[in-house]
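Each chain is listed here by its residues.
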Amino acid sequence: MVKFYKYEIFTAVIEKQIHSGILQEKDRLPSVREIKEKYKLSTSSVQSGFEYLMIKGLIRSYPRSGYFVAEIKEEHIPESITKLPVVVRDEEFMKNMMLTSKRTSESSSFNTAVPGDLLIPQKLILRMMQEVIREKGASLLRYYPSNGLETLRKQIAKQMGTYGCVLNPDKIIITDGALQALTIALKSVTKAGDVIAVDSPCVFSVLEVIAHLELKVIEIPIHYRSGFDTEYFRTVCQENNVRALVITPNFHNPTGMVMDDEAKKEILSIAETHQLCIIENDMYSDLYFGEQRPRCIKSFDKNGSVMTYSSFSKTLAPGIRLGWLYAGDFYAKSERVRFALGRAVSPIYQELVLKLLQGNSYERHLRAFRKKLSQQAVQVLEALRTSFPEGSYFHRPRGGYSIWGRLPEHTDMEKFYEYCEKHQILFTPGDTFSFTNKYHYHFRIVFAERITSESIVLLGNAGKKAGELQF
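Predicted model, so just to flag it, every value in this text is computed and none were measured. (Residues numbered from 1 in each chain as written. Predicted model: local features only at pLDDT ≥ 70, side-chain atom pairs only at ≥ 80, totals over all residues. Heavy atoms only, no water.)

**Concerning the packing of helix 2 (residues 32-39) against helix 3 (residues 43-55)**
Here is the rule we go by: Axes, fitted as lines to C-alpha atoms, cover a helix only where it is in contact. Angles between the N-to-C directions of the axes lie from 0 to 180 degrees. For the purposes of this entry, the term helix denotes a DSSP run of H or I that reaches at least four residues, the term strand denotes a run of E that reaches at least two, and both are numbered from the N terminus. Crossing chirality is assigned from the near helix's rotation relative to the far helix, an anticlockwise turn below a right angle marking it left-handed and a clockwise turn marking it right-handed. By definition, residues are in contact when any of their heavy atoms lie within 4.5 Å. Charged residues are taken to be Asp, Glu, Lys and Arg, nonpolar residues to be Ala, Val, Leu, Ile, Met, Phe, Trp, Tyr, Cys and Pro, and polar residues to be all remaining types, Gly included.
Running from N to C, helix 2 and helix 3 point in directions that differ by 115°, and their axes come no closer than 9 Å. Our pair here, helix 2 against helix 3, has a crossing hand that is right-handed. Taking contact as the criterion, the partners of Val32, Ile35 and Lys36 in helix 2 are, on helix 3, Thr43, Val46 and Phe50. The class makeup of the residues in the contact of helix 2 with helix 3 is four nonpolar, one polar and one charged.

Laid out in structure tokens, this is it:
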């Protein structure tokens, strides 16, 4: 059931008036007080409604002036590259590790895709940990089942069921985070030398797992409009013996894009035709900015072609190394691989996450977290689009942590990154997201740290410098 928000009684009216042309660009909207009195709402409900309209890009706020209808600017969405070669390459591991995890101050770190310190629900987590220790005592020092706590697996299945994804809890494996889940899934269906497909651009950590397993890779381009180049994927499967597809359909890292349901169904149909396994990363789906969580590919799967994995490190705290893999028909092999990688996940993390999921504190945290992320996305996107040179493109995210940017091809990227490094403005270069060199002019901006006025100034400075580096 879709949740109804009180502010919708006036935001729906404003949206309709904007789309019908009754309200024009730069028209001033009624004040918070006027809306409050007319619709009998609280101040917080009215402000939440205006924030919702800002996130949708329909209105803008001007300090001490009020809210106005936003100017409608046509977005010139670039076409994606549809031909990428099959290559295997050793990653420059330490360099890329630094590019994706180095951290300076909160204000200038736009490169690490984990929640910043002030966005982590520290008091909630620490209080729950203390309760777990008091309740479970010495039992936390013993081995837990290698596939994970049964009640936790059932709770995860119950939670996914509310999103239309039916999972058998007996086929869920609790893991030490998402990368271990991915490793288990890949080792269950491939061997060294096999060909797999991945969405491209693709996050460095996934590429590192693939390189470690000595797999051959075909990169399938992400499309800005539909979310995935399904026709290229079909052609690749017809011409190659592809064993698996690793894909992030919802709030993809690094682009922030979400695939539409038709693309998800089409991907599933292609996979079933060619008898390959889809390994779906569902880590970011809870971080949606809209009204409801998007469906995962697994929710459409009737024949057992999809393994799905997720983690709580992106929604709670990076130090909570607890993820899960729905192995489905591949469970027997996956369970053996999981055991070989380590006996069990930390008992205290399992009990902690179970306690959070059983109550309503996790959902409360997610609501507040999503709201903060969406507000910061608006701030950062506005700063990027107003500060960087003409010809730059920054994709509006619909959820997740990141914005995917592209600078004009006549930009001196080496000097741009030198400037950013010197001034401790940390982005992740596009070259780290592919085994090819197709993303040289791209970079990822993460808005999961607290965004301050200093952050906005630094983004503006970086944009100004990029403008000076055109040739």
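On we go.
**Description of helix 15 (residues 453-468)**
Here is the rule we go by: One fewer than the residue count of a helix, multiplied by 1.5 Å, yields its expected span. Summary of the burial criterion: residues with accessible area below 20% of their type's maximum are buried, those above 50% are exposed, and those between are partly exposed, where the area comes from a 1.4 Å probe applied to protein chains only.
Taking 1.5 Å of rise per residue, the 16 residues of helix 15 would be expected to cover 22 Å, and the 23 Å separating its terminal C-alpha atoms lies within 8% of that figure. Considered for burial, the residues of helix 15 that qualify are Ser455, Leu458, Leu459, Gly460, Ala462, Gly463 and Ala466. Those residues of helix 15 that are buried are in contact with helix 13 (361-387) and helix 14 (413-422).

**Brief notes about empty space enclosed by the protein**
Heads up, the condition is: A cavity, in this analysis, means grid points on a 1 Å lattice covering only the protein atoms where a 1.4 Å probe fits yet has no way out; a pocket is instead an open set bounded by protein on both sides within 12 Å along at least five of seven lines, and a residue lines either one if it has an atom within 4 Å of a point. Grid points are joined across faces, edges and corners, and a volume is the space filled by probe spheres set on the points.
Counted by the stated rule, this structure contains three cavities of 30 Å³ or more. The space that makes up the largest cavity amounts to roughly 80 Å³. Elements that contribute at least two residues to the lining of the largest cavity include exactly helix 6 (150-161) and strand 8 (306-311). Estimates place the volume of the second largest cavity at around 60 Å³. Lining the second largest cavity we find Asp199, Pro201, Cys202, Val203, Val206, Val246, Thr248, His252, Asn253, Asn281 and Tyr309.

**With respect to the environment of threonine 43**
Tracing the backbone through its elements, the reader meets threonine 43 in helix 3. Residues threonine 43 and isoleucine 220, 177 residues apart in the sequence, show an inter-C-alpha distance of 47 Å. Beyond its immediate sequence surroundings of up to four residues, threonine 43 is in contact with Val32 and Lys36.

**Description of the environment of arginine 370**
The condition is simple: Under the rule applied, a polar contact is a pair of N or O atoms within 3.5 Å (in protein, one hydrogen donor and one hydrogen acceptor; residues adjacent in sequence only if both atoms are side-chain atoms).
Summarising the element assignment, arginine 370 is placed in helix 13. It is 6.7 Å that separates the C-alpha atoms of arginine 370 and tyrosine 288, two residues lying 82 residues apart in sequence. Excluding residues within four positions of it along the chain, arginine 370 makes contact with Asp286, Leu287, Tyr288 and Phe289. Among the polar contacts listed, one links the side chain of arginine 370 to the backbone oxygen of aspartate 286, at a separation of 3.0 Å.

**Focus on the sheet that holds strand 9 (residues 323-326)**
Which entries qualify depends on this criterion: Any two strands with at least two DSSP bridges between them are considered paired.
Pairing in this open sheet of seven strands is mixed, and the strands run 3-9-8-7-6-4-5 from one edge to the other. On the outer flanks of this sheet lie strand 3 (172-175) and strand 5 (216-221), each paired with one strand and no other. Between one strand and the next, the sheet's axes are offset by a mean angle of 20°, whatever the strand orientation. Relative to strand 6 (residues 242-247), strand 4 (residues 195-200) runs parallel, the two sharing four bridges. Among the inter-strand pairings, alanine 197 is bridged to a residue of strand 6, identified as leucine 245. Strands strand 3, strand 4, strand 6, strand 7 (277-281), strand 8 and strand 9 of the sheet are contacted by helix 7 (residues 178-189), whose axis makes an angle of about 160° with strand 8.

**Quick look at the nonpolar core**
Grouped burial of nonpolar side chains is what soluble globular proteins tend to show. Heads up, the rule is: To qualify as a nonpolar core, a set must consist of buried Ala, Val, Leu, Ile, Met, Phe, Trp, Tyr and Cys residues joined through side-chain atoms within 4.5 Å.
Counting 133 residues, the largest nonpolar core has Leu186, Phe233, Ile279, Phe416 and Phe427 as its most contacted members. It is helix 13 that contributes the most residues to this core, nine residues altogether. With sequence-adjacent residues up to four places away left out, phenylalanine 416 is seen in contact with Phe388, Leu407, Phe427, Phe443, Ala462, Ala466 and Leu469. Formed by 16 residues, the second largest nonpolar core is a distinct cluster that contains Tyr7, Ile14, Ile35 and Leu53.

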